[in-house]
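Descriptive structure summary
Okay, here's what each chain looks like letter by letter:
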There are 2 protein chains.
Amino acid sequence: MILLDGRKTSNDIKDEITREVQEMKDKGERVPHLAAVLVGNDGASLTYVGSKVKACERVGFESTLIQLPHTVSEVELLDTIDELNKNEEIDGFIIQLPLPKQINSQKVLMAVDPKKDVDGFHPTNFGKMALDMSTFIPATPFGILTLLERYKVETQGKHTVVIGRSHIVGRPMSILMGRKGFPGNSTVTLTHSYTKNMKEITRDADIIITALGVPGFLKADMVKDGVVIIDVGITRVPDESRARGYYITGDVDFENVSKKAGYITPVPGGVGPMTIAMLLKNTLLAREQAK
Amino acid sequence: MILLDGRKTSNDIKDEITREVQEMKDKGERVPHLAAVLVGNDGASLTYVGSKVKACERVGFESTLIQLPHTVSEVELLDTIDELNKNEEIDGFIIQLPLPKQINSQKVLMAVDPKKDVDGFHPTNFGKMALDMSTFIPATPFGILTLLERYKVETQGKHTVVIGRSHIVGRPMSILMGRKGFPGNSTVTLTHSYTKNMKEITRDADIIITALGVPGFLKADMVKDGVVIIDVGITRVPDESRARGYYITGDVDFENVSKKAGYITPVPGGVGPMTIAMLLKNTLLAREQAK
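Residues numbered from 1 in each chain as written. Chains lettered and ligands numbered in written order. Predicted model: local features only at pLDDT ≥ 70, side-chain atom pairs only at ≥ 80, totals over all residues.

Of the regular secondary structure elements, chain A holds 10 helices and 11 strands. For chain A, whose C-alpha radius of gyration is 19 Å, the value lies close to the compact-globule estimate of 19 Å for 291 residues. The principal-axis extents of the C-alpha atoms in chain A amount to approximately 55 × 40 × 40 Å. Across the 291 residues that make up chain A, the buried fraction comes to 50%. The contacts in chain A between residues at least 6 apart in sequence include a share of 69% that link residues at least 24 apart. (Helix = DSSP H or I, 4+ residues; strand = E, 2+ residues; numbered from the N terminus. Rg over C-alpha atoms; globule rule 2.2 N^0.38 Å. Buried ≥ 20, exposed ≤ 12 C-beta atoms within 10 Å, placed from the backbone. Contact = placed C-beta atoms within 7 Å.)

Quick look at the structure:
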C-alpha cells in the first residue's frame, strides 16, 4: 500500500511555485497577486481564507483580503467584483462561499471575469474543461489529478467510480477522469444518492473517488484488492478528548480499506492540503496568461 | 417492445412550435429568426443546412442562409459572426461544421454570442449545462432527453451507459443523465475506445445510449432483457440496389436487439429527426429570452 501524501506533494508544489516567483522577482517582474473576498464572520470561512492568505505569503505572492459585512447587498458585492475584474494589479480572485441569503451566489459567480476565476467555478471555465480546452481546473479536482500524476497512478482503461455529484468535486472529477490523456482515459461511473447496488459498483472499481462527507461510508467489503482510493470527504467529528474538541475524518474506513488498497489518500493530509496548492498554481497560471 | 418514434415526436414538437409562432404573429410580434452559416460546398453539409432552412419554413420561422466560399479567411468568418451577434433581428445562429483547415473551429465557436448559440456548443452554455443552470442544450442530447420525457421512460436510479465521448453527444449525455430531475438521476457510466470489458458493462445497463458510428456494434448478447436503447449512430452504407446508392444504419443490430429491448429508437426515424426539432425549440427559447 502506497500513501498518496498530499502534505508532501503540496509542499513540493509550493516550493516549485516559490522558485518561479523568485525568478519573476529576479527579472524585475510583478509577482502574482491573489485577492479573496470574505462576506461575514463565519468561523470556518475565516479559517479557510486565512490559510489561503498564509499560503500566498509562503510562496511570495501578493495577497489582498477584502472583508465585507454579512449585511452587504448584492449590488455592493457585484461592485467589488467589478473593481477586482478591472484591477490590473490583481491576477486572480476568489469569493469565499457560502454567501448570505440575500445574495444570489450564481449571479455572483457569473460576474467574475473568467480570466481571473482561479477557483474555476465560472460556467465558461467549467465548459472549457468539459470540452477539453485549456482553462482553470477547480482546485480540489486539480489537486486529485496532480496526486495521480505525480504518483504515476495508471488511469487509462481503468474503471473509475466517483461517489457524489457536487459541482466542486464529483461532477468535475467524473468529467476529468474520462477526458483524453493522462490522468484520464478512464471508464467513469458517477454515482449519487439515487444509485442502487452501490457496493456492486464500488467492488468493480479500480479507482474510487469519494466526496460524500459521510464518515466511514466506504468499508473494506466494498472494494477489491489493489484499489486506488481518493478520499475527499472531510468531516469534523466532535471529540472532547482532543484539545480542538474535534477530529477530522474522511468517507473511508481507512484502517480496514488501506489493507486492501494499492494507493490511498489519508485524511487529513491527503486531498485537503492539495487544494490550496492548486489555487496558488491557478493564480500563477493567471499571472502568466496576463503577461 | 415500444418504438421511440422520433419522426412522430419531432412532428408533434414542430406542430407545437408552429402554434406558438402563430400566437406571436397574432399578437403582432416578430417571429423567431434562425441564421445558418455554411462554408464551402460539402454535399452533406448542404443537405443538413437545407433541412434546417426547410424546417424553419415549416414552423413559420424566418431563416437566413449565409454561404461563404471554402477559401474564406478566419477573419472574414469572425466578421460575419460579429455581424450576426449584433443583428437584433436574428435570435440564434449556427455555424455548420466541419470548417475548412485554415479556420480554427474552436476560435469560431468561442466568438458566437452565448445568447444566440442555439447549437449549445459555446463553453459558457456547456458549462451552464454541467452546472445545472438553464441554458441551450445541444440539439441531439436535447432530442434524446425529450424522447425519454415524452415516452415517460424511467431514468431515476437506473444505470445508464453512454458509448462514445464526443463533445456533441457522448460527453453531454453522460452529464445530463446524471443531473438532478427527470430525465436524469441515473447512475451514469461513460465508455469509450479505452474501455475494457465493454460487454460486461453494457449487459449491466438499464439504458444504453450509443454514439459510435460503427454499424452493428451493439449486439443482442451485449444487452439485458428490457433494456432501453438510444441509437445515435448514423452511418451511410453503400448499396447499389437503392436509388440513392446507400442506406442509413445505426450502431445497433436492430433486428436482434429489439427483441430484448423495452424501448428502442429506430435508425432512421429515431434520434435523427429530433435534432432539427430541438434546434427550432432552442431558437424559440432564444427569441423568448430576447423579448
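What follows deals with the sheet that holds strand β5 (residues 159–163) of chain A. If you walk across this open sheet you meet the 12 strands as β1(A)-β11(A)-β8(A)-β7(A)-β5(A)-β6(A)-β6(B)-β5(B)-β7(B)-β8(B)-β11(B)-β1(B), and the pairing is mixed. Bordering the open sheet on either side are β1 (2–3) of chain A together with β1 (2–3) of chain B, each of which pairs with just one other strand. In this sheet, strand β11 (residues 263–264) of chain A lies alongside strand β8 (residues 228–231) of chain A in parallel orientation, the contact comprising 2 bridges. Following the sheet pairing, V228 of chain A is matched in β11 of chain A by Y263 of chain A. (Pairing = 2+ DSSP bridges.)

Moving on, we get to the domain arrangement of chain A. Segmentation of chain A into domains returns domain 1 (28–113) and domain 2 (139–272). Each of domain 1 of chain A and domain 2 of chain A has a C-alpha centre, and these two points are 29 Å apart. (Domains from an automatic or database assignment.)

On to the relation of the copies chain B and chain A. When chain B is fitted to chain A, the residual RMSD is 0.0 Å, and the transformation amounts to a turn of 180° plus an axial shift of 0.0 Å. When the rotation and shift are considered jointly, the pair of chain copies conforms to a two-fold rotation axis. When the interface residues of chain B are mapped onto chain A, 100% of them are again interface residues, pointing to one common binding face. (Least-squares fit on C-alpha atoms with pLDDT ≥ 70 in both.)

Time to look at the nonpolar core. I208 of chain A together with I208 and I209 of chain B are the most contacted members of the largest nonpolar core, which totals 162 residues. Ignoring sequence-local partners within four residues, the contact set of I208 of chain A consists of V161, I163, T202, L218, V223, V227, I229 and I230 of chain A. (Core = buried A, V, L, I, M, F, W, Y, C linked by C-beta atoms within 7 Å.)

Now for the sheet that holds strand β4 (residues 92–95) of chain B. Residue and element names in this part refer to chain B. Judged by pairing direction, the sheet is parallel, and its 3 strands sit side by side in the order β3-β2-β4 without closing on themselves. Looking at the sheet topology across the chains shown, the edges are occupied by β3 (62–68) and β4. Taking the axes of each pair of neighbouring strands and ignoring which way they run, one obtains an average angle of 15° across the sheet. Pairing of strand β2 (residues 33–39) with β3 involves 7 bridges; the strand directions are parallel. (Axes fitted to C-alpha atoms, helices over the stretch in contact; angles between N-to-C directions.)

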